[in-house]
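Residue-level structure breakdown
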Amino acid sequence: MTYYHAKSDLIRQPIALNYPGADSLVIQNMSVNNPFNPFGSRYVNATGAANSDGTARILGTPQALTILTGNTKDIGPEHVQVNSNMFRAVAGLRGKFGSTWSWETGGLFTKAWTNDLSLNAVRESLLRDALGRTDATAYNPFGYTFKVVGTSVVADKPYTNPVEVVDSFRTQFRHEGYSAIGSVDLRVGGELIDIWSGAISLAGGGEFRKEQYKDYRPPFIGLNPASSGLNPNDNDLITASAAPDSNGSRTVASAYLETIIPLAAPKNNIPLVKSFEVTGSGRFERYSDFGSTTKPKVGINWKPRDGIMLRGSYNQGFTAPNLPTLYAPRRFTVDSLPGTIDPYRQIATAEGAYVQRNYTLGNTSLKPSTSVGRSAGIVLDIPKVKGLSVTADYWQISQSDNIGALTSSQILNADNVALQAYTQAQLASGKAVGTIDTGSGTSAYKGSSAVERAPVNADDIAAFAAFNAGKPAAQQLATVGRILSRSVTFENLAKGYVAGWDLGLNYIAPTLPIGKFNFNADWSYVGRSFTTRKIPGAAAITNERLDVDGTTRWRGNFTIGWRKGAWNSSFSGYYIGSYRDNSAGSTITAAQYASLNNPNYISKYFDAGTYAYRYIVQDSITYNASVKYAFKKDAPKLLRDTSMRLGVINLLDKEPPLTSGNFGYSSSVYTSLLAGRTWTLDVTKRF
C-alpha cells in the first residue's frame, strides 16, 4: 500500500481587473452616485451647486465610470493552496499446478485527488454591486479619495476600503477533482507440448479494469446557477474561466495469449542454426465507450552460432483516448488584448484584432490511435571478453489517427477559405454579392463549423459594400458579422512516424578480492520523428517532433554496481540531449537571427512549411548513488531479514537547464531536478 500527500502554497499579486477578463466580456461599471466616483454626482453637478454637507462640486454632467483595468490591492495577494493526494493498494496470489504450469492473480486500486483553493478571489456580480452602491459601503477602486480644487477634481488622501466592504465581494475559488483505476487480472502459463526442438510454451490471461474521473467546481465558480439571474453559461469570478463539472468512466475487458515455439535447438545440429524460435501473441480489448480491438505481435530469435543472436519483430498497437479527451466539458477563455485578427473580415474592414472567445471541449466520437511497429537487431557476446555483451536494435513506428486539436489560426484560415469558396460559388450562380446570405449568426453558417459569428448588422453591410464597390467578382466578399467564438475540439487528425536505434552494453566483471563489479549502459538514438496533420481548407502540414520540447536525439543511462557480502552499492548517470524550446517566448524572426550573427544557441530548422528559429536547451547529465546493507541471519532478532538502503538523487545538485515559460525550466522533462539533491532512506524487512 502506498499513500502520498503534497501541499503547495503560491502567493502572487492581487487579482487584476482587466477588460476583457479571462472569463468575461462584461465591463465593471461604477455608479454615478458612488461617493468615490470622481466624475459622479458627489463632485459634478449640472448647476455647480455644492453638496448638502457644503463640499464643493464643479459644473458639468455627472457620469457613471467604466473600469477597464485596475488592481484590487486591498483584497490582499492571491494565495493559492494545492493539496494533492494519491493512494495505491496492490495485492496478489500465485501458485503452481502440474509439473510446469503456474498461475498468478492480482488486484489493484489507485486513486489520486486534488483540492485547489485560491484565497482572495473576486465575485464579479458582487463587485459590480459594491461599485454601484451610493453610501459609505461603496467600493473605491482608486486607493484615493477626491476633492474639488477650483474647477477640477483632484486626488486628496490615500484610502483603504473597510474590510467589510472588501468581504462583500471577496470569496474563495475552489476546484476539486480525482481520477481512479481499479483492476483485477489473472495469468496462467506453462509448457504445452514437446516437439523435436523443445517445449512449446503458452501463456494467457485476462484483465478487467474500471477507469473514472471527476472534475468539480461549486456554483458561481464553475457555472452560475440557473436561478441566480446571472448568465448560466458563465461563472461569477474575475480571471477564472467558466467550467462546468465533468466526469467520465469506462470499463475495459481484455484477454491475451502468447506462445514461444522453438523450431530449432542445439540438439538438432543444423548448420548455422544454433537455435531458432518464433514468438507470437495477440491481445483483445473491449472498451465500454467505443468498442473492441484485437492486435497481434510476432517475433523471431535466430542464433547462427554461440555468442550471436539476430532478432526481429512486427506488432500492431492501439491507444484508447483518455477520459478527459472524450468527456471534457465545453469551456472557454477570452483572448488577451488586443485580441485576434479575423482573416476574412480583415480584408474588407481593416479593423485589426478584436477579442474573441476560445472554447475547448472533448469529443465522444474519437477513434483510438493505432500503430504498426517493426524492429530488427543483434545481440553479440564479445569474443575473448567473458561477461561482455552488446546489443543494437533498429526500430520504427508508424502511427495513424493520432489525437490532437487544430490551432486557432488553422481554424480561422479554414473559415476564411470556406467563406471565400461559398461567395465565389454564389456569384457564379448569378447572385449579387450584397444578396449572398452566409448564415452569419445562425446554424446555417457557411464558414467553419468551429466558428460562431454574430448576426450581420448595418455597420457590417456598409463596410462590406464599400469594400466590394468597383471590385471584380473574384475579389468580392459576402458580408459576415464579427466572430464571437472559436471551438477547439480533440480530433483524429494526424499521422506520425518515429524511428531510431536502441544500443546497449552489459559487462559482468570477474570476481575480485574487493568484490564483484558490473557495468550496464543503455542509449537511445532517434533518427526521425514527425507528424503530418490534416488541415481543413489547406494542405497537410508536417511538423517535426525531433529535437523539440524534450524529444531529444540522444538519451542514455549507465550504472556501475558493486557487491561484496552483505554490502552493495551503485553509481548511475542519466543523460538528456539538447533540444529546441518550442514555446512562443523562445522563438525569434529571421531578421533577429541575422542581427545576432547566427548564434549557435539558436537553431534554424524547417518545420510546418517554413523556417523557424528557436532557443536550444542545453544537454544535461545527472548522477545518483546508493549503498545498501542486508543484515545476516546471525544478526540480532529485530534486524534479521532486514536491509537498509541510503540513496541520493541528483548527487551534484544540478539545476534544470534554462527554458522559456512561467517556470524557467521544462516541467515535463526536468521535474525530478526541481527538488535539487534529495536523500532517501529505505528500510525493508521480510516476515
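Below you will find a few notes about this structure. Given the structure is predicted, the values throughout are model-derived calculations rather than measurements.

With that out of the way, let us pick up the overall build of the protein chain. In terms of regular secondary structure, the protein chain is built from eight helices and 35 strands. The C-alpha radius of gyration computed for the protein chain amounts to 34 Å, which surpasses the reference 26 Å derived for 687 residues by more than 25%, pointing to a less compact arrangement than a globule. For the protein chain, with 687 residues in total, the buried portion stands at 36%. Put simply, the protein chain shows about 37,200 Å² of open surface, and 57% of that area lies on carbon and sulfur atoms.

Here we come to the sheet that holds strand β22 (residues 451–453). Pairing is mixed across the open sheet formed by four strands, whose spatial order is β18-β19-β23-β22. Single-partner strands in this sheet number two, and they are β18 (331–334) and β22. Neighbouring strand axes in the sheet, compared pairwise and without regard to direction, differ in orientation by 20° on average. Here four bridges tie β18 to strand β19 (residues 357–361), and the two strands are oriented antiparallel to one another. Directly across from Arg331, in β19, lies its bridge partner Thr360.

If you look at the biggest cluster of nonpolar residues, it comprises 24 residues, and the most contacted ones within it are Tyr344, Ile411, Ile436, Val451, Phe464 and Leu477. Listing elements by their share of this core, those giving two or more residues are α4 (343–349), α5 (408–428), α6 (458–468), β23 (483–489) and β24 (491–508). Of the residues forming this core, the biggest block, five residues, is contributed by α5. By size, the runner-up hydrophobic cluster in this structure holds 16 residues, among which are Phe36, Leu65, Ala138 and Ile238.

Time to look at the packing of aromatic side chains. Throughout the structure, instances matching the rule amount to 20 aromatic pairs. Pairing Trp523 with Trp554 gives two aromatic rings, centres 6.2 Å apart and planes at 75°, and the pair type is edge-to-face. One end of the pair, Trp523, is in strand β25 (residues 516–533); the other, Trp554, is in strand β27 (residues 554–564), with 31 residues separating them in the sequence. You can call Trp523 partly exposed: its relative accessible area is 32%. On the basis of relative accessibility, which here comes to 37%, the residue Trp554 falls in the partly exposed class. An aromatic cluster of at least three residues, connected via ring pairs, comprises Phe519, Phe558, Phe571 and Tyr623. For Arg330, the ring lying beneath its charged end belongs to Tyr359, and the centroid distance is 3.6 Å.

Among the secondary structure elements, Ile15 is positioned in the loop between β1 (2–12) and β2 (16–18). For the pair Ile15 and Glu191, spaced 176 residues apart in the sequence, the C-alpha separation amounts to 68 Å. Here Ile15 is in contact with Asn71, Thr72, Glu78, Asn120, Ala121, Val122, Ile238 and Thr239, once residues within four sequence places are set aside.

For the rest of this paragraph, the subject is the pattern of salt bridges. The final tally for this structure, using the stated rule, is 26 salt bridges. As a salt-bridge pair, Arg128 and Glu124 come within 3.7 Å of each other at their nearest N and O atoms. Of the two residues, Arg128 and Glu124 both sit in helix α1 (residues 124–132), four residues apart, roughly one turn of that helix. Of the charged contacts in the structure, one is a salt bridge between Asp156 and Lys147, with a shortest N-O distance of 3.8 Å. Relative accessible area serves as the criterion here: at 32%, Asp156 is assigned to the partly exposed category. Salt bridges here are not isolated pairs; linked through shared partners, they connect Glu207, Arg209, Glu211, Arg250, Arg283, Glu285 and Asp289.

Moving on: the pairing of strand β17 (residues 308–319). Examined bridge by bridge, strand β16 (residues 291–305) and β17 share seven bridges and lie antiparallel to one another. Paired with Ile300 across the strands is Gly312, a residue of β17. Connecting β16 to the next strand, β17, in antiparallel fashion are two residues, including Gly307 with a positive phi near 90°. Pairing of β17 with strand β20 (residues 369–381), which is carried by 12 bridges, proceeds in the antiparallel orientation. Within β20, the residue paired with Gln316 across the bridge is Val372.

Thresholds, definitions, all that
Residues numbered from 1 in each chain as written. Predicted model: local features only at pLDDT ≥ 70, side-chain atom pairs only at ≥ 80, totals over all residues. Heavy atoms only, no water. Helix = DSSP H or I, 4+ residues; strand = E, 2+ residues; numbered from the N terminus. Rg over C-alpha atoms; globule rule 2.2 N^0.38 Å. Buried < 20%, exposed > 50% of the residue type's maximum accessible area, 1.4 Å probe, protein only. Areas by Shrake-Rupley, 256 points an atom, 1.4 Å probe, with all protein chains shown as cover. Pairing = 2+ DSSP bridges. Axes fitted to C-alpha atoms, helices over the stretch in contact; angles between N-to-C directions. Core = buried A, V, L, I, M, F, W, Y, C linked by side-chain atoms within 4.5 Å. Phe/Tyr/Trp six-rings, centres within 6.5 Å; stacked < 30°, edge-to-face > 60°. Lys NZ or Arg CZ within 6 Å of the ring centre and 35° of its normal. Contact = heavy atoms within 4.5 Å. Salt bridge = Lys/Arg side-chain N within 4 Å of Asp/Glu carboxyl O.

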